[in-house]
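Coordinate analysis (summary)
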Amino acid sequence: GAVVSQHPSWVICKSGTSVKIECRSLDFQATTMFWYRQFPKQSLMLMATSNEGSKATYEQGVEKDKFLINHASLTLSTLTVTSAHPEDSSFYICSARPPLVLDTQYFGPGTRLTVL
Amino acid sequence: KNQVEQSPQSLIILEGKNCTLQCNYTVSPFSNLRWYKQDTGRGPVSLTIMTFSENTKSNGRYTATLDADTKQSSLHITASQLSDSASYICVVSVGSSASKIIFGSGTRLSIRP
């Protein structure tokens, strides 16, 4: 089956630093990847849609200069949280969509970010 | 407005018992509906996917139903096990291309021994 990995699985950083999270589709090419944020006891909230070779599309209220997304290849998208603050602490989940299958997303295992 | 609502928000049952989770949606045009299981600290994993013409679909001890007329879906879990403790999320795809998806807020299920 389709597998999506994320790295790291958890990270703790100091306030003001930047953190990069990687999302990889291991056995399929993903022209589109999605980044979600999930706060405790809440459902996933879409942050942005990442398309290979083009700029990401951000949802309303998500700061594109703070959450930098790069989708440089068909199997890798990265999310960089710049100048992290404690309120950025959350569970970040990516998903990848195979080409030509618009209604299917395979989710990664998530990355727990804690900003001190 | 496209919305997906789930109930109950949380549920505690004893191991071995059955339970049913509900999902109501107001989505147009409807494409498909999926139930996901999300273990704590993990990403969601798809359990079932149902299109407009499907009424019931099973995956082991999980059985999903869909009533497209009333825009309701349910997920029935039989003979619950401790490993069923998780959040269950109903997700509805919108549009002919199904490129937009709407997440429900999930039901947190706890199985007690």
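What this report covers is the structure whose coordinates are included nearby. If you're wondering where the values come from, they're calculated on a predicted model, not measured in any experiment.

Some details on the overall build of chain A
When its secondary structure is counted, chain A shows zero helices and eleven strands. Along the first, second and third principal axes, the C-alpha set of chain A runs to 40 × 25 × 25 Å. Counting every position in chain A, which comprises 116 residues, the buried fraction comes to 48%. Residue pairs in contact within chain A that sit at least 24 positions apart in sequence constitute 55% of those at least 6 positions apart. Surface accessibility of chain A: about 5800 Å² in total, with carbon and sulfur atoms responsible for 54%. The distance from the centre of the 10 positive side-chain charges to the centre of the 9 negative ones in chain A is 5 Å.

Looking at the nonpolar core
The biggest cluster of nonpolar side chains holds 26 residues, and the ones touching the most others in it are Val4, Tyr25, Leu33, Trp35, Leu75, Tyr88 and Val92 of chain B. No other element matches the five residues that strand S9 (residues 86-94) of chain B contributes to this core. Counting 24 residues, the second largest nonpolar core, distinct from the first, contains Val4, Phe28, Ala48 and Leu113 of chain A.

Topic: the interface of chain B and chain A
Contact with chain B, which involves 19 residues of that partner, is made by 15 residues of chain A. Around 1300 Å² of area is buried between chain B and chain A when both sides are counted, 54% of it from carbon and sulfur atoms. Taken together, the connections running from chain B to chain A amount to four residue pairs in polar contact (both at pLDDT 80 or more). Looking at the side of chain B that touches chain A, the elements that each hand over two or more residues are strand S4 (30-38), S9 and strand S10 (100-103) of chain B. When residues of the side of chain B that touches chain A are assigned to their parent elements, the largest contribution, four residues, is made by S4 of chain B.

With respect to the packing of aromatic side chains
This structure, assessed with the given rule, holds eight aromatic pairs over all chains. For the ring pair Tyr36 of chain A and Phe103 of chain B, a centre distance of 5.3 Å and an interplane angle of 70° mean the geometry is edge-to-face. Highlighted residues: Tyr36 of chain A in strand S4 (residues 32-38) and Phe103 of chain B in strand S10, drawn from two different chains. Seen from their ring centres, Phe107 of chain A and Tyr36 of chain B are 5.3 Å apart, and the 85° between their planes marks the pair as edge-to-face. A residue pair is termed interchain when its members come from two chains, as with Phe107 of chain A in strand S10 (residues 106-107) and Tyr36 of chain B in strand S4. A residue is classified by how much of its surface remains accessible, and Phe107 of chain A, at 10% relative accessible area, is buried. A relative accessible area of 4% means that Tyr36 of chain B is categorised as buried. Above the face of the Phe67 of chain A ring, Lys66 of chain A is positioned so that its terminal group lies 6.0 Å from the ring centre. One residue, Arg61 of chain B, lies across the ring of Tyr62 of chain B, its end atom 5.8 Å from the ring centre.

Calculation criteria
- Residues numbered from 1 in each chain as written.
- Chains lettered and ligands numbered in written order.
- Predicted model: local features only at pLDDT ≥ 70, side-chain atom pairs only at ≥ 80, totals over all residues.
- Heavy atoms only, no water.
- Helix = DSSP H or I, 4+ residues; strand = E, 2+ residues; numbered from the N terminus.
- Buried < 20%, exposed > 50% of the residue type's maximum accessible area, 1.4 Å probe, protein only.
- Contact = heavy atoms within 4.5 Å.
- Areas by Shrake-Rupley, 256 points an atom, 1.4 Å probe, with all protein chains shown as cover.
- Lys, Arg positive; Asp, Glu negative; His and termini not counted.
- Charge placed at Lys NZ, Arg CZ, Asp CG, Glu CD.
- Core = buried A, V, L, I, M, F, W, Y, C linked by side-chain atoms within 4.5 Å.
- Buried area = accessible area lost by both parts, 1.4 Å probe.
- Polar contact = N/O pair within 3.5 Å; in protein donor to acceptor, adjacent residues only side chain to side chain.
- Phe/Tyr/Trp six-rings, centres within 6.5 Å; stacked < 30°, edge-to-face > 60°.
- Lys NZ or Arg CZ within 6 Å of the ring centre and 35° of its normal.

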